[in-house]
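Spelled out, the chains give:
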Amino acid sequence: MFCWFLSCTRRRLPNHLNSAFTTFTVSPIPPQDNLFSLKPQNPTNQLRTSPPLIPLQNLVDQYKKAQAQLARLPTSSHVSYSGSETREFLVSRYRDSCCSEDAKGLHLHIFKNGFANDLFLCNTLINIYVKNGYVVSARNLFDEMRERNLVTWACLISGYTQNGVPHEACALLKGMVSQGFCPNHYAFGSALQACQEWRPFGVKFGMQIHGLISKTQYAFDGVVCNALIAMYGNCQDSADDARRVFDQIHTKNLISWNSIISVYSQRGDAISAFELFSRMQQQGMGFISKPNEYTFGSLITAASSSVGSGLSLLRQVLTRVKKAGYLGDLYVGSALVSGLSRFGLNDYAKQVFEQMSVRNAVSMNGLMVGLVRQKRGEEAAEIFQGMRNSVDVNLDSYVILLSAFPEFTLLEDGKRKGTEVHAYVIRTGLIDIKHEIGNGLVNMYAKCGAIVDASSVFKLMVCKDSVSWNTMISGLDQNEHFEDAIISFCEMRRTGLMPSNFTLISTLSSCASLGWKMLGHQLHCEGTKLGLDLDVSVCNSLLAVYAETGCLAESEKVFYLMPEYDQVSWNSVIGAFADSEASVVEAVKYFINMMRAGWSLNRVSFIHILAAVSSLSLLQLSHQIHGLVLKNCVANDVAIENALLACYGKCGEIDGSEKIFSRMSERRDEVSWNSMISGYIHNELLSKAIDLVWFMMQRGQRLDCFTFATVLSACASVATLERGMEVHACAIRACLESDVVVGSALVDMYTKCGRIDYASRFFELMPMRNVYSWNSMVSGYARHGHGHKALELFSQMKSYGQPPDHVTFVGVLSACSHVGLVDEGFKHFRSMSEIYDLAPRVEHFSCMVDLLGRAGELKKIEDFINKMPMKPNTLIWRTVLGACCRANGRNTELGHRAAEMLLELEPQNAVNYVLLSNMYASGGKWEDVAKARMAMRKAEVKKEAGCSWVTMKDGVHVFVAGDKSHPEKELIYEELKQLNKKMRDAGYVPETRFALYDLELENKEELLSYHSEKLAVAFALTRKSRLPIRIMKNLRVCGDCHSAFKYISKIVGRQIVLRDSNRFHHFDDGKCSCGDYW
């Protein structure tokens, strides 16, 4: 670029050192202070550390001192050449040369003909060397030159800049000033370009150069100022400096305007870019104000990055482009293709692409990027295939092509095509030239679900940058290899690479999925040390981690410390509190604050708040949220409709759910059906839920595992064995019997419906079990009184490598309680914290109180409660009161204390008054019984009526004590009379102590005879059958009925299965499965 001014000579400092022109050893310029390390032998080895800043005043003083020394030196005589004709030939021959062979030829001629001191020819040779990338040879020649002028320095500075060695260019400029030369505008321009490329240290050095320029005649030079604008514009924090330089230019040319418009365009500041363009049109004159292809390119880029008005601006620019005749220009066309694609206008982008007179890889790449963003991967691949032979495809084209394959409709097709490209880049060696291709392969395989292939590519990569690690960690996280993602993060840190916000976001996501609270804290500290805790996306990930690990206080603290919020931040904190039963109200408060802060609500906002409202069961608030949904025009979003279905179902307005469900029509998905079924079940409309399942099957709707699990759970809750078995048959037809979710639900259903034998058999046949499967079986055995079997299964569970959770120990402790294993119960209780690192919860303490109460250890109960790490709640006190009831009135002081606490905590719960009355009645304290019942009347609470029911072929038959409303009452009472006679003959004596009323003995016996469970069994015996009799009771069975059922089972020779509110009793041949320990 300097060929036309090579003959220019200015002030130069003579060098009296002996030159050794025939050697190529490096003799670096000795700087006066060693601020730069010059290594011309290895120009590609760029410095990693920032150079010390040059004090501006010292530099100016140094320059003035050198000028004074120059004035005292004698003037060097000009060199006379004997071979003037040879010299003229060399000048004319090599003046405009760009060939590497010419560099060798010229060098040889200079050496042979003795032109070693010819400044012009040496400058020409340096220029040829740097044009061909031989900066080491150029530097060797530079060091051996006896004299140098401004052109010599400018050529080599420019050469270092053009050949990607910006730190050497900056060091050479400093050496130039130190030698007493005042850089010209070309040297300044090249050095400033080097500063632009030498990140992050170049900007600091560029500011020092700017200070030096301000002391020279080039302070307002257009070329230098344009270079300063570009240098400052390249740094995001220095755009204001670039604008100040621009405003100081007296005569602005088109390059100046384009430079400053480009600065704002790169920053995404479309408003400033177009304001400057408008000023350019108003202030400019003639050719200066006429925009060229670079002007339009910058404006298109600015419009493309603008949010909101970007498309309108792009259309206006497109009109100007057409008017100016630049539509077919390569640079403008490429920018338009990219801009239109960014807005999803891929068809228009294709039209512009086809109208371009010349196309290149940039224009093709822009179109492909737009198609990939629109998830049209097949079309992007077709564009590449059609254009690869007509344009010079670059390496970026392959990177974009690889990103297109994960956007194929069928991922398997995308992976196959990606594998073909992988083979091609290996065969051609492209994978070794650009590490971005390796990054693209890792990304492609990860997004296609082939994470093993992605890991293989990553391991074979020679050069890994931060993008490589980010891609790998993100891929592992997205493919649910969470532990591997965290391991990769640790390996990245060991390499010395600094993690970016993207690295931390993916790692935090894996941490949240694993529920690793401590690691989440460590990553938080890491982000704080790196300054990434101020990044909004990182903070959002921290919110998710703390929410997933139950650290709501930390999550709230992170939210309050965030410097700024986005929509995701608000949604994250609302979702965190919505998922916590104890803090659901906070979710509503944050939702209201989000609206007050002026943020728009999206589908995620509504889904989270509807989940919170569902937990609160606030119907009025549900209507208000529904109104906001309609106002924001998102009522037809399937996810929001599903959330509304669930919300109305939980709030008891099943009619609202049915209206939404009917309007959804073809938009219904599996979640819609499941939400509707769950709503029916929640509102105790089991028949409607089952009917909806049949309807789904009739219309060919796919039933997933969650549908069956929901219905089976409902069947279990009301102990409807026949319905549950029907659902089981449907699951078999749907080929979902082997699914672990359905299997676990079936085990739970059969145990709760009294068929522990079916549950055990199905459990043994399950191909795969999870913790829910084991928990259902352990709890089932405990519920049916098979405590020893439950403990054996717990041991088997541990031997299979399945770690127990809190629910497991509820079942284990219940098993110990039902069979009276006090010592073993305490051993398992202690193992929770000592072995399994599980902190016992209130339900575990309740199980231990129940264990002691059933064993009659009332004194130990009081000691145990006093040592609890938490304050006893109603569950604990109710268990204590129940234990006192079973103790026949012993230790009424403890019972009285428990009753006081219960009535204080739950004064409107009738169960508390009933338990207190029963405790007094069991001890014969009838006055206290009367007082308890009086307190119950004053509190205006109503006791739940005890009832029993039995399911027959003609439906469910419900009975209450002394019930005479049944149509077959005469048969029932006759059967009961016969049973009583046979029982008395067999030795049955009514246990009148369970008649908790102050009556005569005969009246008590009569009262006990007509309990609801006895009426139910008498009714079942009126029907001819040899099948087991299954009776359900909503309250705990009384001791007299328990005794009577043992006699009845032996008399009639049939098994009786009784499920009360606590457990199952299997009566067979005069014995009960509980062993009378209940």
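Source: prediction; values computed, not measured. (Residues numbered from 1 in each chain as written. Predicted model: local features only at pLDDT ≥ 70, side-chain atom pairs only at ≥ 80, totals over all residues. Heavy atoms only, no water.)

## Considerations on the overall build of the protein chain
Thinking step 1. For the protein chain, the count of helices and strands is 56 helices and 6 strands.
Thinking step 2. Across the 1078 residues in the protein chain, those meeting the buried criterion constitute 51%.
Thinking step 3. Expressed as a percentage of contacts within the protein chain between residues at least 6 apart in sequence, the contacts between residues at least 24 apart total 64%.
Thinking step 4. As presented, the protein chain carries roughly 51,500 Å² of accessible surface, and 52% of it is formed by carbon and sulfur atoms. (Helix = DSSP H or I, 4+ residues; strand = E, 2+ residues; numbered from the N terminus. Buried < 20%, exposed > 50% of the residue type's maximum accessible area, 1.4 Å probe, protein only. Contact = heavy atoms within 4.5 Å. Areas by Shrake-Rupley, 256 points an atom, 1.4 Å probe, with all protein chains shown as cover.)

## Section: the pairing of strand E3 (residues 1029–1033)
Thinking step 1. In terms of burial, E3 is largely enclosed, as 5 of its 5 residues are buried.
Thinking step 2. The alternating pattern of E3 places Ile1029, Ile1031 and Lys1033 on one face and Arg1030 and Met1032 on the opposite face, and all of these are buried.
Thinking step 3. In the sheet, strand E1 (residues 947–952) pairs with E3 via 3 bridges, with the strands oriented antiparallel. Following the sheet pairing, Trp949 is matched in E3 by Met1032.
Thinking step 4. Here E3 runs beside strand E4 (residues 1056–1059); their pairing, made up of 4 bridges, is parallel. Following the sheet pairing, Ile1031 is matched in E4 by Leu1058.
Thinking step 5. With respect to chirality, the unit in which E3 leads through helix H56 (residues 1039–1052) into the neighbouring parallel E4 is right-handed. (Pairing = 2+ DSSP bridges. Right-handed = clockwise from strand over helix to strand, strands pointing away.)

## A look at the confidence of the model for the protein chain
Thinking step 1. Averaged over all residues, the pLDDT of the protein chain equals 81, while 88% of them reach at least 70.
Thinking step 2. In the predicted structure, residues 996–1004 sits below a pLDDT of 50 and forms 16 contacts with residues beyond four places in sequence or in another chain. (pLDDT = per-residue confidence, 0-100.)

## Some points on the packing of aromatic side chains
Here a ring pair, both rings aromatic, is described through the centre-centre distance and the interplanar angle of the planes.
Thinking step 1. Using the criterion set out here, one finds 29 aromatic pairs in the structure.
Thinking step 2. With a centroid separation of 5.6 Å and an interplanar angle of 50°, the aromatic rings of Phe959 and Phe1019 are classed as tilted. Linking Phe959 in strand E2 (residues 955–960) with Phe1019 in helix H55 (residues 1012–1021), this pair joins segments that are 60 residues apart in sequence. Phe1019 carries the same exposure label as Phe959, and that label is buried.
Thinking step 3. Site record: aromatic cluster; members linked through ring pairs are Phe559, Tyr560, Tyr565, Trp570, Phe577 and Tyr590.
Thinking step 4. One cation-aromatic arrangement involves Arg148 over Phe142; the distance from NZ or CZ to the ring centre is 4.4 Å. (Phe/Tyr/Trp six-rings, centres within 6.5 Å; stacked < 30°, edge-to-face > 60°. Lys NZ or Arg CZ within 6 Å of the ring centre and 35° of its normal.)

## Regarding the side chain of Ser488
Thinking step 1. Along the chain, Ser488 falls in helix H26 (residues 482–494).
Thinking step 2. Beyond its immediate stretch of four places on either side in the chain, Ser488 contacts Trp469, Ile473 and Leu476.

## Comments concerning the sheet that holds strand E6 (residues 1071–1072)
Thinking step 1. The strand order across the open sheet formed by 6 strands is E2-E1-E3-E4-E5-E6, and the pairing between neighbours is mixed. Two strands close off the open sheet at either side, each with one partner strand: E2 and E6.
Thinking step 2. Pairing between E1 and E2: 6 bridges, direction antiparallel. By the bridge assignment for E2, Trp949 is matched with Val958.

## Let's talk about helix H24 (residues 451–460)
An α-helical turn contains 3.6 residues, so any two residues separated by three or four positions project in the same direction.
Thinking step 1. For H24, the complete set of buried residues consists of Ile451, Ala454, Ser455, Val457 and Phe458. Along the long axis of H24, the arc covered by the buried residues comes to 165°, so they all point the same way. Facing away from the buried surface of H24 by more than 90 degrees, the exposed residues are Val452, Lys459 and Leu460.
Thinking step 2. The elements touched by buried residues of H24 are helix H21 (411–428), helix H23 (435–447) and helix H25 (466–478). (Arc of directions from axis to C-beta.)

## Quick word on the UniProt feature "repeat: PPR" (unreviewed entry) in the protein chain
Thinking step 1. Look at the UniProt record and you will see "repeat: PPR" (unreviewed entry) annotated at residues 118–148, 149–183, 253–287, 465–499, 566–601, 637–667, 669–703 and 770–804.
Thinking step 2. Helix makes up 74% of residues 149–183 and strand 0%. Its end C-alpha atoms lie 10 Å apart.
Thinking step 3. The span residues 465–499 is 74% helix and 0% strand, and its two end C-alpha atoms sit 10 Å from each other. (UniProt positions renumbered as here; feature names shortened; annotations may be inferred.)

## Quick look at unusual backbone geometry
Thinking step 1. The backbone of Glu480 sits at a positive phi, close to 65°, despite the residue not being glycine.
Thinking step 2. Of note, Glu480 is situated in the loop between H25 and H26.
Thinking step 3. Of note in the backbone geometry, Ser617 takes a positive phi value of approximately 55° without being a glycine.
Thinking step 4. Looking at where Ser617 falls in the secondary structure, it is placed in the loop between helix H33 (603–616) and helix H34 (619–631).
Thinking step 5. The exposure class of Ser617 is partly exposed, given its relative accessible area of 37%.

## Here we look at the pattern of salt bridges
Thinking step 1. Summed over all chains, the structure comprises 27 salt bridges.
Thinking step 2. Residues Arg603 and Asp637 are paired through a salt bridge, measuring 3.0 Å at the closest nitrogen-oxygen approach. Taken as a pair, Arg603 in helix H33 and Asp637 in the loop between H34 and helix H35 (638–650) lie far apart in primary sequence, 34 residues in all.
Thinking step 3. The salt bridge involving Lys688 is made with Glu658; its shortest N-O contact spans 3.4 Å. One end of the pair, Lys688, is in helix H38 (residues 686–698); the other, Glu658, is in helix H36 (residues 654–664), and 30 residues separate them in sequence.
Thinking step 4. Connected through salt bridges with shared partners, the residues Asp396, Lys434 and Glu436 form a single ionic network. (Salt bridge = Lys/Arg side-chain N within 4 Å of Asp/Glu carboxyl O.)

## Some points on the packing of H33 against H35
Two quantities define a packed helix pair, namely the angle between the helix axes and the distance between the axes.
Thinking step 1. At a minimum axis separation of 9 Å, H33 and H35 run at an interaxial angle of 10°. Taken together, the axis directions place H33 and H35 in an arrangement best described as roughly parallel. The segment H33 lies against H35, with Arg603, Phe606, Ile607, Leu610, Val613 and Ser614 engaging Ala639, Ile640, Ala643, Leu644, Ala646, Cys647 and Lys650. (Axes fitted to C-alpha atoms, helices over the stretch in contact; angles between N-to-C directions. Parallel < 35°, antiparallel > 145°, perpendicular 65-115°, else oblique.)

## Notes on the packing of helix H37 (residues 670–682) against helix H39 (residues 705–717)
Thinking step 1. Packing of H37 against H39 leaves a shortest axis separation of 10 Å and a crossing angle of 5°. Between H37 and H39, the angle falls in the class roughly parallel. Residues Asn674, Ile677, Ser678 and Ile681 of H37 form the contact with H39, whose own contacting residues are Phe706, Thr707, Thr710, Val711 and Ala714.
Thinking step 2. Of the residues belonging to the contact of H37 with H39, the class tally is 5 nonpolar, 4 polar and no charged. (Nonpolar A, V, L, I, M, F, W, Y, C, P; charged D, E, K, R; others polar.)

## Brief notes about H39
Thinking step 1. A rise of 1.5 Å per residue sets the reference length of H39, with its 13 residues, at 18 Å; its end C-alpha atoms lie 18 Å apart and thus fit the reference within 8%.
Thinking step 2. If you follow the buried residues of H39, they end up packed against H37, H38, helix H40 (721–733), helix H41 (740–752) and E4.
Thinking step 3. Two residues or fewer after H39 comes Ala719, characterised by a positive phi angle close to 55°. (Expected span 1.5 Å × (residues − 1).)

## Looking at the environment of Val425
Thinking step 1. In this structure, Val425 sits in helix H21.
Thinking step 2. Along the backbone, Val425 and Tyr398 are 27 residues apart, and their C-alpha atoms lie at a distance of 8.7 Å.
Thinking step 3. Discounting residues that sit within four places of it in the chain, Val425 has contacts with Tyr398, Leu430, Ile431, Ile437 and Leu441.

## Examining the side chain of Ser555
Thinking step 1. Within the fold, Ser555 resides in helix H30 (residues 552–561).
Thinking step 2. By relative accessible area, which is 1% here, Ser555 ends up buried.
Thinking step 3. The residues contacting Ser555, other than those within four sequence positions of it, are Leu543, Tyr546, Ala547 and Ala576.

## Side note on the environment of Ser306
Thinking step 1. Mapped onto the elements, Ser306 comes out in the loop between helix H14 (293–305) and helix H15 (310–324).
Thinking step 2. Residue class for Ser306 comes out buried when judged on its relative accessible area of 13%.
Thinking step 3. Separated by 41 residues in the primary sequence, Ser306 and Ser265 have C-alpha atoms spaced 9.6 Å apart.

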